[in-house]
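Structural features, examined
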Protein chains: 2
Amino acid sequence: MSFALYKRGIKKPFTEVIKANIGDAQAMGQRPITFLRQVVALCTYPNLLDSPSFPEDAKNRARRILQGCGGNSLGSYSASQGINCIREDVASYIERRDGGVPADPDNIYLTTGASDGIATILKILVSGGGKSRTGVMIPIPQYPLYSAVISELDAIQVNYYLDEENCWALDVNELRRSLNEAKAYCNPKVLCIINPGNPTGQVQNRKCIEDVIHFAWEEKLFLLADEVYQDNVYSEGCQFHSFKKILYEMGPEYYNNVELASFHSTSKGYMGECGYRGGYMEVINLHPEIKGQLVKLLSVRLCPPVSGQAAMDIVVNPPIPGEESYSQFIKEKESVLNNLAKKAKLTEDMFNKVPGIHCNTLQGAMYAFPRIFIPSKAIEEAKAHKMAPDMFYCMKLLEETGICVVPGSGFGQREGSYHFRMTILPPVEKLKILLEKVKDFHINTTYSAH
Amino acid sequence: MSFALYKRGIKKPFTEVIKANIGDAQAMGQRPITFLRQVVALCTYPNLLDSPSFPEDAKNRARRILQGCGGNSLGSYSASQGINCIREDVASYIERRDGGVPADPDNIYLTTGASDGIATILKILVSGGGKSRTGVMIPIPQYPLYSAVISELDAIQVNYYLDEENCWALDVNELRRSLNEAKAYCNPKVLCIINPGNPTGQVQNRKCIEDVIHFAWEEKLFLLADEVYQDNVYSEGCQFHSFKKILYEMGPEYYNNVELASFHSTSKGYMGECGYRGGYMEVINLHPEIKGQLVKLLSVRLCPPVSGQAAMDIVVNPPIPGEESYSQFIKEKESVLNNLAKKAKLTEDMFNKVPGIHCNTLQGAMYAFPRIFIPSKAIEEAKAHKMAPDMFYCMKLLEETGICVVPGSGFGQREGSYHFRMTILPPVEKLKILLEKVKDFHINTTYSAH
């Protein structure tokens, strides 16, 4: 095999590269939510506030955001923590989402996408050297932002494994095993949870979240809840529960003690505004000294992009029934989410018809992470190329079909098991073709390798 | 003294707080450049491409940017290095600016404001522990981003002092003194230059830049040139010279060897788009291994905000003569720059009329950094309050006049000298009032302290 894709002038056996490697909805053709773009355009060029072609509710949102900006302009720095009225809207959103559990705008920090928030929180929590180096517990498979930031900060990555046989469930016994082993060589202080899961797509049930919170409370771990896929839940019987809500409902002993940071973003959900780099984090029970460090660290970077803050405002504060833009908004929202649910089911069903591929139910998020069984001959061939077998598989898939997916080794997986991550974002018709191609490729490759 | 400003309900002796502490032009009432906002609004809400109220040249720019975006949308992630066509526009801008010195788009990285670029480059250059810890040379006074990032990275801050008696000039003998002393306790690898100076407002002449480059070449230092005020030069006889251009003109021995990163931003100049967090860096002669690390580090944060990239494109690629928007653009640009020049002169003149204040010529940037002579009685009073004397002075100024400036101790200054930094961004009439108030305050304070 020669990976001819990277050689110029050689004819490829496909007409188009399909990038199913990154959760980038609009790059895959998803249209922006009209209302969000109208509001951001009005904020950008306020002359449009006089234009009859923009609805009044969009204009009102834009005026409110601009009033929160220095000089009424998106071009001014905001406070490092973000624009006040947007943090208030975020707090109201959280209260609605969590059935009335109070949220304080003072605990909300707007961020440059969720990645920035996660990296910032980890930065202030990590300290020490030698055996007292900070351990950060992360799921395996994980979204590789975590391993990268942990490595940048010279902290210790502490793996806990999700249970593939049980639809990637999180088992507290596995958390305990992982923690106890880690205590021998570092100081585990942070427990990261991704719910709904990336790359694994599971949605945690209430009982599981309670168990995790109890464990964090018992072990005095800082909980970091990556909840950027909170609007992406597809399976019947599954429901998103925020860590904040469950923590509150477990009573004051938990709610007043467990330190929790939770993250959201403009990039996922049904808005899919990745390019705006908008996000927020809500941080509860942070030690005042650490909070001071956080504020200082944020102020060095001045502020998150203000147009991303405006976009975040619309994510948490979309049109409501009775407003002029509501009917178009709800049509657009439901179209995106219904499509994603359909594509999640389609992907799971197609993969599970292929001998040698097994795919858990895609309960949420926007990825499939199927297990692929690679015959030993192909494994040897990969080793001869000094490549991980799943990396070799994905390179060959790209080479032969033009489909770009990410090998499981990029996310971590149990030794001897192989996977890839694929987004379900391409339009339905294109996704069907893609899945057919993967099927043919898998069958041919694994056969020919025997 | 009681710092009553922070107590609720107490009547203050002023009607308005004037924030002259941060270089935030639009917060001070500067209006955005129309063309930039039109292009960004068109990119945000492409329905406007059909609107007759937007000029064709703005539409063409918007179409070009959107063609560079995944799915033709600002909502997609860009490449981590930034959108290709915008990096090409940046390279063309640099070539024009530098009289034809070639610039390679591959060496351009779009960033989240200049701060992000500076922090990123320092991060990949800093390494080692103990006596081999990386030393980073910075001017004193400095923009405090540098000291903050150096401290975050656990590197060593190596101070070189600008010569206040000589209009804040940079003297290579002082660089040499600083470097030689630092070699005893760390491994100095990076030399940071801010030109035009922040907070000091000096503009380096050609000879000085040549000397600095020769020094960096001799000592194998990585040059970090913070050139975000390149469009803000006011004094007659002063001119901005980029380090890149001078490096090139010094010949291949220098141009092929000295490692240089230079930074620019949407936030300053005459556009003043701070909130967009747009910026770029051009990096020359970077070691391929370090370049690999840089690309990896950038990819973890996905990409800079795409609307900030679009804004950066207009900063480097504004309307040209013959285009529909040119006459309005040039009127707006000249109005901002002429006003800034006027305010620079006004500020310098007013300060130098006050006994006990001395202000160097504001050659560039957007700040005054006057030296203030504080009588010994006031110094003792400050010490009794456990405050630096200039901090005490600035707090009292705020308390009594509502004017917010930053004490020199936040930037660093020679022991026993005191300063503050004040922006020249308020509108002329407001600036005059502000300067009168500072004058009265200074005279009263220093008199009453005797």
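Residues numbered from 1 in each chain as written. Chains lettered and ligands numbered in written order. Predicted model: local features only at pLDDT ≥ 70, side-chain atom pairs only at ≥ 80, totals over all residues. Heavy atoms only, no water.

Filter applied, for reference: UniProt positions are given in the numbering used here, feature names are shortened, and annotations may be inferred rather than shown by experiment.
For chain A, the name recorded in an unreviewed UniProt entry is alanine transaminase, with Mycteria americana as its organism. Comment text from UniProt for chain A, heading Sequence similarities (unreviewed entry), reads "Belongs to the class-I pyridoxal-phosphate-dependent aminotransferase family. Alanine aminotransferase subfamily." Chain A has a UniProt comment under Catalytic activity (unreviewed entry) that states "L-alanine + 2-oxoglutarate = pyruvate + L-glutamate".

What about the overall build of chain A?
To keep things clear, this is the line we draw: To qualify as a helix, a DSSP run of H or I must reach at least 4 residues; to qualify as a strand, a run of E must reach at least 2; elements of each kind are numbered from the N terminus. Atoms considered for the radius of gyration are the C-alpha atoms alone. The globule rule reads 2.2 Å times the number of residues to the power 0.38. Exposure classes here rest on a 1.4 Å probe applied to the protein chains alone. A residue is buried below 20% of its type maximum, exposed above 50%, and partly exposed in between. Only heavy atoms matter for contacts: two residues are in contact if any of them lie within 4.5 Å across the pair. Reported accessibility uses the Shrake-Rupley method at a 1.4 Å probe radius. Residues are deemed covered only where the shown protein chains occlude them.
The helix and strand inventory of chain A stands at 15 helices and 14 strands. Expected size for 450 residues packed as a compact globule is a radius of gyration near 22 Å; at 23 Å, chain A falls within 12% of this value. Its C-alpha atoms put chain A at 65 × 60 × 45 Å along the principal axes. Buried residues in chain A amount to 61% of all 450 residues. In chain A, the proportion of contacts linking residues at least 24 apart, taken out of those at least 6 apart, comes to 72%. With an accessible surface of roughly 17,600 Å², chain A has 50% of that area assigned to carbon and sulfur atoms.

A look at the packing of helix α6 (residues 172-182) of chain B against helix α7 (residues 206-219) of chain B
Residue and element names in this part refer to chain B. Which entries qualify depends on this criterion: Angles here are taken between N-to-C directions and fall from 0 to 180 degrees, while the axes themselves are lines fitted to C-alpha atoms, restricted in helices to the stretch in contact. Roughly parallel covers angles under 35 degrees, roughly antiparallel covers those over 145, roughly perpendicular covers 65 to 115, and oblique covers all other angles. Each crossing is labelled by how the near helix is turned from the far one, with a counterclockwise turn of less than a right angle marking it left-handed and a clockwise turn marking it right-handed. Only Asp, Glu, Lys and Arg are considered charged in this grouping, and only Ala, Val, Leu, Ile, Met, Phe, Trp, Tyr, Cys and Pro are considered nonpolar; every other residue, Gly among them, is considered polar.
Between α6 and α7, the shortest axis-to-axis distance is 10 Å and the interhelical angle comes to 25°. Judged by the angle between their axes, α6 and α7 are roughly parallel. Along this stretch, α6 crosses α7, giving a crossing that reads as right-handed. Across from V172, L175, R176 and L179 in α6, the residues of α7 making contact are D211, V212, F215, E218 and E219. When its residues are assigned to classes, the contact of α6 with α7 shows five nonpolar, no polar and four charged.

What to know about the pairing of strand β3 (residues 134-140) of chain A
All names here are of chain A. We apply this condition: When DSSP finds two or more bridges between a pair of strands, those strands are recorded as paired.
In terms of residue burial, β3 counts as a mostly covered element, since seven of its seven residues are buried. Neither face of β3 is open: one carries T134, V136, I138 and I140, the other G135, M137 and P139, and all of them are buried. Looking at chain direction, β3 and strand β5 (residues 187-194) are connected through four bridges and run parallel. Counted as the bridge partner of T134 is N187 from β5.

Overview of the sheet that holds strand β3 (residues 134-140) of chain B
Residue and element names in this part refer to chain B. If you walk across this open sheet you meet the seven strands as β2-β8-β7-β6-β5-β3-β4, and the pairing is mixed. Of all the strands in the sheet, just β2 (108-112) and β4 (156-161) have a single pairing partner and so form its edges. With direction set aside, neighbouring strand axes in the sheet form an average angle of 25°. Against the sheet, α6 contacts β3, β4 and β5 (187-194), and its axis sits at roughly 150° relative to β4.

A short note on the relation of the copies chain B and chain A
Just so we agree on the cut-off: Superposition of the copies was done by least squares, using only C-alpha atoms of residues whose pLDDT is at least 70 in both.
After a rotation of 180° and a shift along the axis of 0.0 Å, chain B superposes on chain A with an RMSD of 0.0 Å. What we have between these two chains is a two-fold relation. Taking the C-alpha atom as reference, chain B places A41 of chain B closest to the rotation axis, 2.4 Å from it.

Regarding the nonpolar core
Just so we agree on the cut-off: Residues grouped as a nonpolar core are buried Ala, Val, Leu, Ile, Met, Phe, Trp, Tyr and Cys residues, joined through side-chain atoms within 4.5 Å.
Counting 232 residues, the largest nonpolar core has I121 of chain A together with I121 of chain B as its most contacted members. Once you skip the residues sitting within four places of it in the chain, I121 of chain A turns out to touch F222, L224, A261, F263, M281, V283 and L294 of chain A.

Topic: helix α13 (residues 376-384) of chain A
All names here are of chain A. We count it as follows: In this context, the arc is that of the directions from the helix axis out to the C-beta atoms.
Burial in α13 covers these residues: A378, I379 and A382. Buried residues of α13 fall within an arc of 105° about the axis and therefore sit on the same side. Projecting away from the buried face of α13 at angles above 90 degrees are the exposed residues S376, E380, K383 and A384.

Quick notes on unusual backbone geometry
Cis geometry marks the peptide bond from I140 of chain A to P141 of chain A; its omega dihedral reads 0°. If you check the backbone angles, R277 of chain B has positive phi at about 50° while not being a glycine. Inspection of the secondary structure assignment puts R277 of chain B in the loop between β7 (260-265) and β8 (278-284). With a phi angle near 55°, K386 of chain B is a residue other than glycine that sits in the positive phi range. For K386 of chain B, the position within the fold is in the loop between α13 (376-384) and α14 (389-401). Of the residues examined, K386 of chain B reaches a relative accessible area of 78% and is grouped as exposed.

A word on the pairing of β4 of chain B
Residue and element names in this part refer to chain B. Short version of the rule: Handedness of a crossover: with both strands directed away from the viewer, a clockwise path from the first strand across the helix to the second marks it as right-handed.
By the alternation rule, side chains of β4 split into I156, V158 and Y160, which are all buried, and Q157, N159 and Y161, of which none is buried. Bridge analysis of β3 against β4 gives six bridges, and the strand direction is parallel. Residue pairing in the sheet places G135 in a bridge with I156 of β4. Following the chain from β3 across helix α5 (residues 145-152) to the adjacent parallel β4, one finds a crossover that is right-handed.

A closer look at the packing of aromatic side chains
All names here are of chain A. Basically, it comes down to this: Between the rings of Phe, Tyr and Trp (Trp by its six-membered ring), a pair exists once the centres lie within 6.5 Å; its type follows the angle of the planes, with under 30 degrees stacked, over 60 edge-to-face, and the other angles tilted. In our convention, an over-ring charge means Lys NZ or Arg CZ found within 6 Å of a ring centre and within 35 degrees of that ring's normal.
Tallied over the entire structure, the rule returns 20 aromatic pairs over all chains. An aromatic cluster is built from F351, Y393, F420 and F441, whose rings are joined through pairwise contacts. Over the ring of Y367 we find R421, and its NZ or CZ is 3.9 Å from the ring centre.

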